[in-house]
Amino acid sequence: MTYQQNMIDFINRHTIALDRCLPIKDRERAMLAIDLLVRAGQVSEWHHASGLRYWTAANAKPLSDPSLARAFGILMFCHSSASRSLVTKNDLENYFPKLFRHGLPAGHYVDATAQSQRLGNVCVDTGQSRISRIVDRARCSIGKCEQQAGIRELIRRGEFELAWIVPTLPKQRRLTEALQPFDASGIRLKVIAIPDLLNVAAHLPQPNSELN
């Protein structure tokens with residue numbers, strides 16, 4: 001596989017590529033591949049108001065701030081663990097063929113180590129949602145998961161998890177505590193703080209009526 005194709009595949013999977021998260025270890029080769037793709041019109045380079053530089057598939061417009069925040073959070077979440085990989089629908093068909101169906105929600109990943117392999121779904125909170133609202137959504141997500149026979153089997157084997165990405169450590173602690181009553185569901189629940197997400201989230205409209 002060429003460096004250019006490697007970069008295209010990475011962007012197609014993750015929506016964006018970042019300076020700090022490139023699929024090619026040799027930075028000089030990675031930047032050369034990006035430069036060639038930009039010149040060929042296959043990749044677009046963007047500069048966000050936060051100072052973040054990122055690349056997407058060729059597009060006439062940059063990502064909206066909410067879309068960028070979500071893509072940034074998920075990419076950093078996957079990049080933080082060598083065993084974690086965001087998966088496409090085709091990947092899900094290969095990893096978990098019994099679960100594959102059209103309309104499966106986005107944001108699925110596989111966390112595969114030598115000892116285990118878990119399917120997960122990740123959500124990004126940019127700091128705007130109340131803890132109570134996230135808990136309500138978690139309750140709904142868990143209920144939907146429990147209704148699917150294939151996922152119920154994964155839950156029974158301890159091979160399914162739900163993850164939330166938040167921008168601050170205090171919110172991570174509060175949400176982790178608020179989600180504890182759901183431990184009995186058998187679904188692994190994790191909350192990950194990615195402080196760099198604040199740089200992008202700062203440019204999102206901030207509702208005055210909600211406390212985090």
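Residues numbered from 1 in each chain as written. Predicted model: local features only at pLDDT ≥ 70, side-chain atom pairs only at ≥ 80, totals over all residues. Heavy atoms only, no water.

Draft legend 1. Focus on helix H7 (residues 169–179). Within the span of H7, buried status applies to Lys 171, Gln 172, Leu 175 and Leu 179. An end-on view of H7 places all buried positions within 105° of arc, on one side of the element. Among the exposed residues of H7, those oriented more than 90 degrees off its buried face are Arg 173 and Glu 177. (Buried < 20%, exposed > 50% of the residue type's maximum accessible area, 1.4 Å probe, protein only. Helix = DSSP H or I, 4+ residues; strand = E, 2+ residues; numbered from the N terminus. Arc of directions from axis to C-beta.)

Draft legend 2. Quick peek at the pairing of strand S3 (residues 53–57). Pairing geometry for strand S1 (residues 17–18) and S3, over 2 bridges, is antiparallel. Counted as the bridge partner of Ala 17 is Trp 55 from S3. Two strands pair when backbone bridges link them, and strand S2 (residues 43–47) and S3 are joined in this way by 5 bridges, in the antiparallel orientation. Opposite Val 43, over in S3, you have Ala 57 as the bridge partner. In textbook terms, the turn of a hairpin is the stretch between consecutive antiparallel strands, and for S2 and S3 this stretch comprises 5 residues, one of which, Gly 51, has a positive phi near 100°. (Pairing = 2+ DSSP bridges.)

Draft legend 3. Just the packing of helix H1 (residues 3–14) against helix H2 (residues 27–39), in detail. The interhelical angle for the contact between H1 and H2, taken along N-to-C directions, is 80°, at an axis separation of 9 Å. Classified by the angle between their axes, H1 and H2 sit roughly perpendicular to one another. Between H1 and H2, the contacting residues are Tyr 3, Gln 4, Met 7 and Ile 8 on the first element and Arg 29, Ala 30, Ala 33, Ile 34, Leu 36 and Leu 37 on the second. Each residue belonging to the contact of H1 with H2 can be placed in one class, and the counts come to 8 nonpolar, 1 polar and 1 charged. (Axes fitted to C-alpha atoms, helices over the stretch in contact; angles between N-to-C directions. Parallel < 35°, antiparallel > 145°, perpendicular 65-115°, else oblique. Contact = heavy atoms within 4.5 Å. Nonpolar A, V, L, I, M, F, W, Y, C, P; charged D, E, K, R; others polar.)

Draft legend 4. Expanded view of the pattern of salt bridges. Under the counting rule described, the total for this entry stands at 15 salt bridges. Taking the shortest distance from any N to any O, the salt bridge between Glu 161 and Arg 118 comes out at 2.7 Å. Remark: Arg 118 occurs in strand S6 (residues 117–124) and Glu 161 occurs in strand S7 (residues 160–166); sequence separation between them is 43 residues. You can call Glu 161 buried: its relative accessible area is 0%. One continuous salt-bridge network, built from bridges that share partners, spans Arg 84, Asp 111, Arg 118, Glu 161 and Lys 190. (Salt bridge = Lys/Arg side-chain N within 4 Å of Asp/Glu carboxyl O.)

Draft legend 5. Broad picture of the sheet that holds S1. The strand order S1-S3-S2 describes an open sheet built from 3 strands, whose pairing is antiparallel. The open sheet has two edge strands with one neighbour each: S1 and S2. Each of S1, S2 and S3 touches H1; the most contacted strand, S3, lies at about 90° to it.

Draft legend 6. Spatial organisation of unusual backbone geometry. Its identity is not glycine, yet Thr 15 carries a phi of approximately 75°, on the positive side. Mapped onto the secondary structure, Thr 15 falls in the loop between H1 and S1.

All we've got here are geometric facts, nothing functional implied.
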